[in-house]
Structure formats: structure tokens, C-alpha cells
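Architecture at a glance
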Amino acid sequence: MRSDYKIILDLIPENSKVLDIGCSDGELISLLENKNISAQGVELNQEKVISCLEKGLDVIHGDINVMVEDFPYNQFDYCILTQTIQAVQKPDVLLNTLKKIGKNIIVGFNNSARLSKVLSFLVSGSFDSLLKKSNSDQWYNTDYIHPCSIKDFKKLALDLDLRIINTFDVNNQKKFLNGKIPSNLFCREVLFHIAND
Amino acid sequence: MRKITDNSEYPGYLLKCQEELLLDSGKIISDFQVAYQTYGKLNSNKNNAILICHALTGDQFPAEESPITKKKGWWDLMVGPNRPIDTNKYFVICSNVLGGCVGTTGPNDINPKTNKIYGPDFPTITIRDMVRVQKILIDELGISKLLSVIGGSMGAMQVLQWAATYPESLKSIISIAGSLKHSAQNIAFDEAGRQSIMLDPNWDNGRYPEKNKKPENGLSVARMIAHITYLSEKAFQNKFGRNLQEKKDLSFGFGIDFQVESYLRYQGKSFVDRFDANSYLYMTRAMDYFDVSSEIQNNKNKIIQNGIRFLVLSFTSDWLFPTKESKEIVSLLNSVGSNVSFAEVVSDRGHDSFLLDEPQFFKVCDGFLKGIK
């Protein structure tokens, strides 16, 4: 199981209602359903939508940049966004919408400012290393249009009046309480649990 | 009293009901019948039954060869052995709607009270009335829970009505190219079609059946108008462009110059042979009156308790029942907290895409049905 999924499963209580934005083939939704958590996904890729349907999962096909606008307010206990925020056209607009449709928001992403990334940028002098999702990605065709650091995201959350409940260093499965964040220099993957108060 | 017999006029069966049916209009139909066809076998647990709801001009013959057109059934690509609605696995039921003209009681039948053809005396019916009659049929077949109810266009309206009115009687629905309510534009198109029929002198205030005539011109123009709405700008362009019909030069007259004109006229003419004008009036009216939003809201507890799974489907180029309207269905279903999935299929063939060979569309339906437990 993906390490970020493990944290999410521990974090969300039973009988919650969850929206997984960018749910791919529904792996996380299946795990949540097994824990008696009712989950729905949003996914752009139709083949992945079909594989969700085959598993009996609820999935909405569409572009998350516009699709989430159609969800009714206060519908979900948790909105989850893993490995997606950097590919969203306007992360601030999306988070503002999620604030309205869900009570809690969980956002996970790879820290673009970690030392190894910064060093490889310094050495190569190319943004490809910062923006890469897969090997075929170059700076001009990457989905990662908004690389961000842990510090960057913390600032955005606070700017949007979102409260940081906990953060996690995903690879070390370490939890940070009371708005503290993992090292911006060394943490590879981070998970934010934020809420709208 | 209810009795099922073979249908002597068409393949399939007839459910004859000697009873009164109270309609939404407050009027009553006494003694009615339902013409239906089935495919596949009902299993011993009676839990593999799928009801298919046909669209405005459809009939009870989605699969195999149609006895009416002598061509493949209108949903032959969707329903049959190894098709998405696999008749090797599922027991498929499809009935002609109330007010129709392929065997189920409609305006061309005899009114038992007067022993004359109903004609314009047939009561105005609603989508809910159609579904009421389908529910009677499902009860008579001894099926307490349908695995799914599936339909496109006017069929999608019936499907949503089923979920709203009889949520305890089904496990899932697939609404294809549908809406919660008929839009103003769609009512406008329906009205243009109805006016075309009613302004034909042969319509004769709806009394034409007893006088042995038919408002063929009116019905044909109604069909031509409607047919334009079933396609897309691109579909017309790809199919015909500005190509001329069997000529090299414009005629400088009002005959058929363009291929698209010839095509439309053919669509109108061939429709007249297989459809009844009064039925067309009644069914378009039923669509106009359709608005299922509040009933879904009022019945939300039952919908959730029964764990109904919804799949809502739309096509990118459909401008008659555009994606926006399918998304409104999804929003409503989400707001009542039901289990809903949605997919938009890319197709440039307009509203009619649901009747055509659209492999992605079939894959989505197939996947959804496989996921129903």
C-alpha cells in the first residue's frame, strides 16, 4: 500500500463521507470503503473511470479544475487531493471550492524544494528536474505546472484561512502537530490535514 | 384481473389488465394492456432482471431483428449475447410505453366505455404514468427487485422516475443523455412538431383514425424538425456538407437540391409508416411535463436506504440533452447523498450517439453493470 494511503486510512474515522479528487483507478476509494467509509472519486481519464466502475465504486468523470464546482456545499467530511495539487490550474481556487464542499481537506504532494531536487537543479541548470513527473516529461509538457515547497503550501493554507491540523512526513510516517511542518529541506513527500474553521 | 398472453400482432407478450388506472391528470383509464418483449432467462432468484425504457419513437424491440422495420433492433449494439447488456447473463424486459403505438394502450385503441377509438379523448399521460404501468408489469412477472433500469433520452426520464417513485424495487439505474426536467428549448421543439401535426388538415382534431386518413405531412415535418435536434452540426457537415443531390448545378427552385434535404425528407417519410401522429402528440407532452427533481428530493431517504447506484451518462456533442443537464442530475443526486457515478463520452454525433456504435460508451455501461453486486 502507498505510504500516504496508510496515513489517510488511519486519519479518517469510520462512517465518514469522502471525496477523492484525482482518484485514478480507485485504489484509495476501495481501501476506504473496506473501512466502512463512504467514498466517491473524481477522475479525468475515462479508462480509469471504467476501472472504478468495474470495482463497483462511485466515480465522477471530469476535469477537477471545473468538476468540483458542481458538488453541493458541505457534502463531504473529507476531500482528498494526493499527488494532484501541482497539476491543478489554480490551486487556490480549487482549495477555496473544497473549503465549501468538505469539512476537512487532505493534500499530499512531493516537496519541490527538497535538497536533492534543488541540488540537481543547480547541477543541471534545467527546470526539467524540478518539474518532472515521468521520464518523458520536459519543462514545457509537464503536468506539474505549480511546483511548490512545504513552506509554500503552508503559506497558501494560511492565506486562505485554512487551519493546519496536522502534517505528515510521508516517507518516515512521522506526524507533526499544532501547525508544525516537516523539514522543507529534507522531507520528500508531505501530507497536510487542513480544515475550514 | 391481470393476464399475460402471447401477442398475436407482434412478437412478444401482452399483459392485459382489467382494472382502473388513476393517472397524474386525475383521469382514469380502464382496461389497458402492455405489449412487451423479453430476452434471456430470468434466474431462479429473480435477481438478474434489467428493464429497458425506450425513447420517444422506440419500441419494445431493442435487440434482435425488429418486426417493424425488419432491420436490427434500435439498441442491438447494446442488448444481446455478449453485448454490454448481456442476454446470456441478464433477463431483459422492454415494454412499449403507455400512449405508444406498438401494442400498449394508446390513443389509437378502442375506448371500452364508448367502443370508439380514443383519438383526442385519450387522457394526457405523464412519464410517471408510463412508469406506473411498467411497475405493474414487473410485479406480474414476479420480480421484486430489478438489477437495473436503463434508458436514453425519454428512456432516461423513465429511469429517473423509477428511482424516484419505486426506489425499493431496483438496485441501479443508468440514465443516458437525459435530464431532470425538459428544458424550455426542448418544449419549444416539441411544440413546433405538434403544431405541424395539428395544422395538417388530415389530423382532423385527432379523429383521423376513425376516418381512415393520416396527417402524414404534419407528422413527417415534425419528424424532420426533431431529427435535426438528434444530430449535431458536425454530424450534418461530415455526412452531407453542401453536396448536391444527384445533380451538378443548383436548380433555382424549391425542389431537392442538397443531399441533406433529401435525407431529411426521407427521415420524415419513413417515420410516417411506423409511427402514429396522436401517439407523437401524447408522448411529447409527457416529456414536456416531466420534472422529477422534487420527487427525488422527497424520496431521498428511501433512495439512500436502498443503496441505489446511479450512473449518469452524457455525450459531448449532444445539444438536445447536453452534458450540463446530466451534471444537474449528478448534483441533485449528490446533494441527497446517493451513490452516483458520471461519465461524459466524447462523440461528435449528437444526441443520437446513444443509439450508435460508440465503444467507449459501451465500455462504461459494461463496467458499471459488472460492478453491481
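Model, not experiment: these values are computed from the prediction.

**Describing the overall build of chain B**
- Each helix and strand in chain B was counted, giving 11 helices and 13 strands.
- Computed over C-alpha atoms, the radius of gyration of chain B comes to 20 Å, within 12% of the 21 Å expected from 2.2 N^0.38 for 373 residues, which places it in the range of a compact globule.
- Taken along the three principal axes of its C-alpha coordinates, chain B extends 65 × 50 × 35 Å.
- Relative to all contacts within chain B whose residues are 6 or more apart in sequence, the contacts with residues 24 or more apart total 69%.

**With respect to the interface of chain A and chain B**
- Tallying the contact residues gives 16 residues for chain A and 20 residues for chain B.
- If you list the elements that add at least two residues to the side of chain A that touches chain B, you get helix H3 (46–54) and strand S3 (58–61) of chain A.
- Per-element tally for the side of chain A that touches chain B: the top contributor is H3 of chain A, with five residues.
- Considered class by class, the residues forming the side of chain A that touches chain B number seven nonpolar, five polar and four charged.

**Points about the environment of alanine 163 of chain B**
Residue and element names in this part refer to chain B.
- In this fold, alanine 163 is placed in helix H2 (residues 154–165).
- Alanine 163 sits in the buried class, given 26 other C-beta atoms within 10 Å.
- On a C-alpha basis, the gap between alanine 163 and valine 292 in space is 9.8 Å, while along the polypeptide they are 129 residues apart.

**Here's the deal with the nonpolar core**
- Core analysis: the biggest nonpolar cluster contains 159 residues, and Cys79 of chain A together with Ile50, Val92, Val159 and Leu313 of chain B have the highest contact counts within it.
- Considering each element in turn, this core owes the most residues, eight residues, to H2 of chain B.
- Split by domain, this core shows at least three residues from each of two domains, domain 1 (2–183 + 291–370) and domain 2 (186–284) of chain B.
- Each residue touching cysteine 79 of chain A, except ones within four places of it in the same chain, is listed here: Leu19, Ile21, Leu98, Ile101, Gly102 and Ile105 of chain A.

**Looking at the domain arrangement of chain B**
Residues and elements named next belong to chain B.
- Per the domain assignment, the segments making up chain B are domain 1 (2–183 + 291–370) and domain 2 (186–284).
- If you average the C-alpha positions of domain 1 and of domain 2, the two centres end up 26 Å apart.
- Taken together, the contacts link 27 residues of domain 1 with 20 residues of domain 2.
- The residue inventory of the side of domain 1 that touches domain 2, partitioned by class, reads 10 nonpolar, 13 polar and four charged.

**What about the packing of helix H3 (residues 184–198) of chain B against helix H7 (residues 277–289) of chain B?**
Residue and element names in this part refer to chain B.
- Direction vectors running N to C along H3 and H7 enclose 160 degrees, while the axes themselves pass 10 Å from each other. If you check the angle between H3 and H7, you find them roughly antiparallel. The hand of the H3/H7 crossing is left-handed. Between H3, through Ile187, Asp190, Gly193, Arg194 and Ile197, and H7, the contact on the second element is made entirely by Ala277, Tyr280, Leu281, Thr284, Met287 and Asp288.
- Its residues assigned to classes, the contact of H3 with H7 shows six nonpolar, two polar and three charged.

**So, the packing of H3 of chain A against helix H11 (residues 359–370) of chain B**
- In the contact formed by H3 of chain A and H11 of chain B, the axes pass within 6 Å of each other and the chain directions differ by 25 degrees. Considering the angle they form, H3 of chain A stands roughly parallel to H11 of chain B. Across from Gln46, Ile50, Leu53 and Glu54 of chain A in H3 of chain A, the residues of H11 of chain B making contact are Gln360, Lys363, Val364, Gly367, Phe368 and Lys370 of chain B.
- Of the residues belonging to the contact of H3 of chain A with H11 of chain B, the class tally is four nonpolar, three polar and three charged.

**Digging into helix H1 (residues 3–11) of chain A**
- Every buried residue of H1 of chain A is accounted for by Asp4, Ile7 and Ile8 of chain A. Angularly, the buried residues of H1 of chain A cover 100 degrees about the axis, an arc narrow enough to put them on a single face.

About the cut-offs
Residues numbered from 1 in each chain as written. Chains lettered and ligands numbered in written order. Predicted model: local features only at pLDDT ≥ 70, side-chain atom pairs only at ≥ 80, totals over all residues. Helix = DSSP H or I, 4+ residues; strand = E, 2+ residues; numbered from the N terminus. Rg over C-alpha atoms; globule rule 2.2 N^0.38 Å. Contact = placed C-beta atoms within 7 Å. Nonpolar A, V, L, I, M, F, W, Y, C, P; charged D, E, K, R; others polar. Buried ≥ 20, exposed ≤ 12 C-beta atoms within 10 Å, placed from the backbone. Core = buried A, V, L, I, M, F, W, Y, C linked by C-beta atoms within 7 Å. Domains from an automatic or database assignment. Axes fitted to C-alpha atoms, helices over the stretch in contact; angles between N-to-C directions. Parallel < 35°, antiparallel > 145°, perpendicular 65-115°, else oblique. Left-handed = near helix turned anticlockwise from the far one by under 90°. Arc of directions from axis to C-beta.

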